[in-house]
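# Breakdown of the fold
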Amino acid sequence: MIRIDERISKSELTYDWVRERIIGREFNPGYRLVLGAIAKELGISVVPVREAVRRLEAEGLVEFERNVGARVAMVNSAEYIDTMQTLGVLEGAATALALPQMSQEDIDRAQSINDSMRAMLENFDPVVFTSLNEKFHRALFHRCPNPHIAELADRGWNRMAGLRSSTFSFVPERAPRSVQEHDEILRLIREDADPLDIEMAVRQHKWRTVEAYREQGRHAATTAR
């Protein structure tokens, strides 16, 4: 049994514990979440477990099936595309709103992350590349002053983690272009471009990944015929 720090909300701790295992693929899509077993593992009652699971359901990481109960959400290509398109809108807005609060340190950190992504292109690891990609974007929008948009963007990334452990496993050919687009976004920020131009650059960056994913799917379908 795991010992719980009483200073931390039991529901919050359970949420973090389950979410970490979903994103880390210890709990794979379709994995049944038995509330009583989780409660026993954490040494708590079922009530905070139920609260945490409902929160994960709201984020799209968990779904409820009749006569089965809670399980890790299944992978769905249409849902992935919808989530990416939505995240493009939210992240573009969050980045534009963050511009007045963005520091040189934030920009330098994003550049350093993108340089690490560029260095990985020859010995490509799609999972690590995807992780760095998320860090790059979070470095740019984390100072967004609108808490509602920031939270929705954060949820979008959490949902993405539940849907795909690595976007670039499916579209590895997209990786070099993605790095170039990151450089372009940073150039616009450094040159104090119109916030709307920056917002649209971030949005289109995400949407180009969606199009690459769709194209890969169309190619796979054609090849299979």
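Please refer to the structure placed before this passage.
Quick summary incoming for the structure in this document. (Residues numbered from 1 in each chain as written. Predicted model: local features only at pLDDT ≥ 70, side-chain atom pairs only at ≥ 80, totals over all residues. Heavy atoms only, no water.)

### A closer look at the overall build of the protein chain
So the rule is basically this: Here a helix means four or more residues in a row that DSSP labels H or I, a strand means two or more in a row labelled E, and each is numbered from the N terminus. Each residue is assigned to one of three classes by its accessible area relative to the maximum for its type, calculated with a 1.4 Å probe on protein chains only: buried under 20%, partly exposed between the two thresholds, exposed over 50%. Note on contacts: a residue pair qualifies if any of its non-hydrogen atoms lie within 4.5 Å across the two residues. Note on areas: these come from Shrake-Rupley sampling with a 1.4 Å probe, and a residue is covered only by the protein chains present in the view.
Across its full length, the protein chain holds 10 helices and 2 strands. When the elements of the protein chain are put in sequence order from the N terminus, they spell out α-α-α-β-β-α-α-α-α-α-α-α. Of all 225 residues assigned to the protein chain, the portion counted as buried reaches 44%. Taking all contacts inside the protein chain whose residues are at least 6 apart in sequence as the whole, residues at least 24 apart take part in 74%. With the model as given, the accessible surface of the protein chain reaches about 12,000 Å², and the carbon-plus-sulfur share is 51%.

### Digging into the packing of aromatic side chains
For clarity, the cut-off: Paired rings are identified among Phe, Tyr and Trp, the last through its six-membered ring, by centres lying within 6.5 Å, and are further divided according to the angle between planes into stacked (under 30 degrees), edge-to-face (over 60) and tilted (the rest). Our definition puts a charge over a ring when NZ of Lys or CZ of Arg is within 6 Å of the ring centre and also within 35 degrees of the ring normal.
Under the definition given, this model contains 4 aromatic pairs. Their ring planes at 70° and their centres at 6.1 Å tell us that W17 and F27 sit as a pair that is edge-to-face. Note that W17 is positioned in helix α1 (residues 10–23) and F27 in the loop between α1 and α2 (35–42), a separation of 10 residues in sequence. For F27, a relative accessible area of 7% gives the class buried. Taking 4.3 Å as the distance between ring centres and 5° as the angle between the ring planes, the aromatic pair formed by F27 and Y31 counts as stacked. Of the aromatic side chains, those joined through ring pairs into one cluster are W17, F27 and Y31. The lysine or arginine in question, R55, covers the ring of Y15, its NZ or CZ lying 3.6 Å from the ring centre.

### Describing the nonpolar core
Defined as follows: Put simply, buried Ala, Val, Leu, Ile, Met, Phe, Trp, Tyr and Cys residues joined by side-chain atoms within 4.5 Å make one nonpolar core.
Core analysis: the largest hydrophobic core is formed by 41 residues, its most contacted members being F129, L140 and I189. Every element with two or more residues in this core is listed here: α4 (77–98), α5 (104–119), α6 (126–141), α7 (147–163), α9 (175–190) and α10 (195–224). Sequence-distant contacts of I189, that is, excluding residues within four places in its chain, are made with L99, M102, I107, L140 and I198.

### Overview of the packing of α5 against α9
Quick reminder of the rule: Only the stretch in contact is used when fitting a helix axis, every axis being a line fitted to C-alpha atoms; angles between N-to-C directions are given from 0 to 180 degrees. An angle counts as roughly parallel when it lies under 35 degrees, as roughly antiparallel when it exceeds 145, as roughly perpendicular when it falls between 65 and 115, and as oblique in every other case. Here a crossing is called left-handed whenever its near helix is offset anticlockwise from the far helix by less than a right angle, and right-handed whenever the offset is clockwise. We call Asp, Glu, Lys and Arg charged. Ala, Val, Leu, Ile, Met, Phe, Trp, Tyr, Cys and Pro are nonpolar, and the rest, Gly among them, are polar.
Two elements in contact, α5 and α9, have axes whose closest approach is 10 Å; the angle formed by their N-to-C orientations is 160°. On the basis of the axis angle, α5 is roughly antiparallel to α9. The two elements α5 and α9 meet at a crossing, and its hand is left-handed. Facing I107, A110, Q111, N114, M117 and R118 of α5, the residues of α9 in contact are V179, H182, D183, L186, I189 and R190. A breakdown of the residues in the contact of α5 with α9 according to their chemical character gives 6 nonpolar, 3 polar and 3 charged.

### Description of the packing of α1 against α2
The N-to-C vectors of α1 and α2 enclose an angle of 110°; their axes lie 12 Å apart at closest approach. Relative to α2, α1 is oriented roughly perpendicular. Here α1 contributes L13, T14, W17 and V18 to the contact with α2, which in turn contributes I38, E41 and L42.

### Observations concerning the pairing of strand β1 (residues 62–65)
Filter applied, for reference: Any two strands with at least two DSSP bridges between them are considered paired.
Bridge count for β1 against strand β2 (residues 69–72) is 4 bridges, and the pairing is antiparallel. Of the residues in β2, the one forming a bridge with V62 is V72. If you look at the hairpin formed by β1 and β2, you'll find 3 residues sitting between the two strands, and N67 has a positive phi there, around 65°.

### What to know about the pattern of salt bridges
Definition in use: We define a salt bridge as a contact between a side-chain nitrogen of Lys or Arg and a carboxyl oxygen of Asp or Glu at a distance within 4 Å.
Tallying each qualifying case throughout the model produces 17 salt bridges. Note that E57 and R54 form a salt bridge whose closest N and O atoms lie 3.0 Å from each other. One end of the pair, E57, and the other, R54, are both in helix α3 (residues 46–58), 3 residues apart, so they sit about a helical turn from each other. Under the relative-accessibility criterion, E57 is labelled partly exposed at 31%. Residue classification places R54 among the partly exposed positions, given a relative accessible area of 45%. Residues joined in a network through salt bridges with shared partners are R174, R177, E181 and R208.

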